[in-house]
Amino acid sequence: MLEIRAARDQDWPDIFPIFSAVVAAGRTYAYPEGLTAAQARPLWMEEPPGRTVVAVADGTLLGSAKMGPNRPGRGAHVATASFMVDPQHQGRGVGRALGAHVVEWARAAGYRSIQFNAVVETNTAAVHLWRRLGFEVLATVPEAFDHPEHGLVGLHVMHRYV
Ligand SMILES: CC(C)(COP(=O)(O)OP(=O)(O)OC[C@H]1O[C@@H](n2cnc3c(N)ncnc32)[C@H](O)[C@@H]1OP(=O)(O)O)[C@@H](O)C(=O)NCCC(=O)NCCS
């Protein structure tokens, strides 16, 4: 039974190893590499109006998502979000549950749409999942991500109305 709930301060020690593993793999996010837990914390644990959630099953934290306005002020009706699932637990529906949660959250919070700013085009799991959740690729910024195996690859801007 997967529970998605708001992240608490005491969840960060369980989120950080996932953050570190995903960033160190180098295939999906352009966060700085080698961050300490203290340095990474404010990059993932959102303050209102943003929000960070965790996916937990049987007391084990399997993944996390953060969400909030994509832009301040006159862009604040468009949401954005980021997702990380423990590499040892990927491919088992956690990402789908987190993505569906974010769409529901954005709708309930009164956002007009959700924009993902930088989906690595070779990230087949993410691109597939976001399409399944109703997102479309609006454009691809060429050669914007330096992938460890594929070299310079594009970053998709993906969007859906909520
Ligand atoms: C992308 C990510 C969030 C997906 O979460 P997940 O728990 O692994 O995915 P799910 O098990 O919910 O699978 C969702 C869909 O993607 C598919 N999928 C999962 N892994 C896949 C892979 N390696 N290749 C192709 N499709 C894949 C599943 O089959 C499923 O599709 P379906 O419903 O049509 O069967 C997760 O893999 C992750 O954290 N990756 C590293 C960080 C990242 O890429 N974040 C997103 C950046 S935009």
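Since the model is a prediction, treat every value here as computed from it, not as a measurement. (Residues numbered from 1 in each chain as written. Predicted model: local features only at pLDDT ≥ 70, side-chain atom pairs only at ≥ 80, totals over all residues. Heavy atoms only, no water.)

Engineer: Explain the overall build of the chain to me, and be specific about the residues and the numbers.
Structural biologist: Helix and strand content of the chain: four helices and seven strands. When the elements of the chain are put in sequence order from the N terminus, they spell out β-α-α-β-β-β-α-β-α-β-β. For 162 residues, the compact-globule estimate of 2.2 N^0.38 gives 15 Å, and the C-alpha radius of gyration of the chain, at 15 Å, lies within 12% of that figure. Along the longest, intermediate and shortest principal axes, the C-alpha atoms of the chain span 40 × 40 × 30 Å. Residues counted as buried form 44% of the 162 residues belonging to the chain. Looking at the chain alone, contacts between residues at least 24 apart form 60% of all its contacts between residues at least 6 apart. Accessible surface, the chain: about 8700 Å² in total, of which carbon and sulfur atoms supply 51%. Of the charged side chains in the chain, 15 are positive and 15 negative; the average position of the first set lies 9 Å away from that of the second. (Helix = DSSP H or I, 4+ residues; strand = E, 2+ residues; numbered from the N terminus. Rg over C-alpha atoms; globule rule 2.2 N^0.38 Å. Buried < 20%, exposed > 50% of the residue type's maximum accessible area, 1.4 Å probe, protein only. Contact = heavy atoms within 4.5 Å. Areas by Shrake-Rupley, 256 points an atom, 1.4 Å probe, with all protein chains shown as cover. Lys, Arg positive; Asp, Glu negative; His and termini not counted. Charge placed at Lys NZ, Arg CZ, Asp CG, Glu CD.)

Engineer: Got a sec to walk through the layout of surface pockets? Specific residues and values, please.
Structural biologist: Its volume calculated, the largest pocket comes out at about 1100 Å³. In this structure, the largest pocket is lined by 46 residues; those nearest its centre are Tyr29, Phe83, Asn123, Ala126 and Trp130. When residues of the lining of the largest pocket are traced back to their parent elements, those giving at least two are helix 1 (12-25), strand 3 (60-69), strand 4 (78-85), helix 3 (94-108), strand 5 (113-120), helix 4 (124-132) and strand 6 (136-147). Along the lines of polarity and charge, the residues of the lining of the largest pocket split into 25 nonpolar, 15 polar and six charged. (1 Å grid on protein atoms, 1.4 Å probe; cavity = no way out; pocket = protein on both sides within 12 Å on 5 of 7 lines; lining within 4 Å. Points joined across faces, edges and corners; volume = space filled by probe spheres on them. Nonpolar A, V, L, I, M, F, W, Y, C, P; charged D, E, K, R; others polar.)

Engineer: Can you break down the nonpolar core residue by residue, with the values?
Structural biologist: Phe83, Leu98, Val102, Ile114, Phe116, Trp130 and Phe135 are the most contacted members of the largest nonpolar core, which has 27 residues in total. Elements that contribute at least two residues to this core include exactly strand 2 (51-57), strand 3, strand 4, helix 3, strand 5 and helix 4. Top contributing element to this core by residue count: helix 3, with six residues. Not counting the four nearest positions on each side in its chain, Phe116 is found in contact with Thr80, Ala81, Phe83, Trp130, Phe135, His156, Val157 and Met158. (Core = buried A, V, L, I, M, F, W, Y, C linked by side-chain atoms within 4.5 Å.)

Engineer: Run through the packing of aromatic side chains, naming residues and quoting values.
Structural biologist: Applying the stated criterion to the full structure yields twelve aromatic pairs. Ring geometry for Trp12 and Phe16: centres 5.7 Å apart, planes at 45°, overall tilted. Linking Trp12 with Phe16, this pair stays in helix 1, spanning four residues, or about one helical turn. A single burial state applies to Trp12 and to Phe16, both of which are buried. In this structure an aromatic cluster arises from ring pairing among Trp12, Phe16, Phe19, Tyr29, Tyr31 and Trp44. (Phe/Tyr/Trp six-rings, centres within 6.5 Å; stacked < 30°, edge-to-face > 60°.)

Engineer: I'd love a proper account of the site of the ligand, names of residues and values included.
Structural biologist: Taken together, the neighbourhood of the ligand is formed by 22 residues, with Val85, Gly93, Gly95, Asn123 and His128 sitting nearest. The side chain of Gln90 places a nitrogen or oxygen atom 3.4 Å from an oxygen atom of the ligand. Look at the ligand: alone it shows 930 Å² of surface, and the protein chains cover 75% of it. Judged by the fraction of its atoms near the pocket grid, the ligand is located in the largest pocket. Within the residue set of the shell around the ligand, elements represented by two or more residues are strand 4, helix 3 and helix 4. Among the elements that take part in the shell around the ligand, helix 4 stands out by supplying seven residues, more than any other. For the shell around the ligand, the per-class residue count stands at eleven nonpolar, eight polar and three charged. (Near = heavy atom within 4 Å. Polar contact = N/O pair within 3.5 Å; in protein donor to acceptor, adjacent residues only side chain to side chain. Sits in = over half its atoms within 2 Å of the grid points.)

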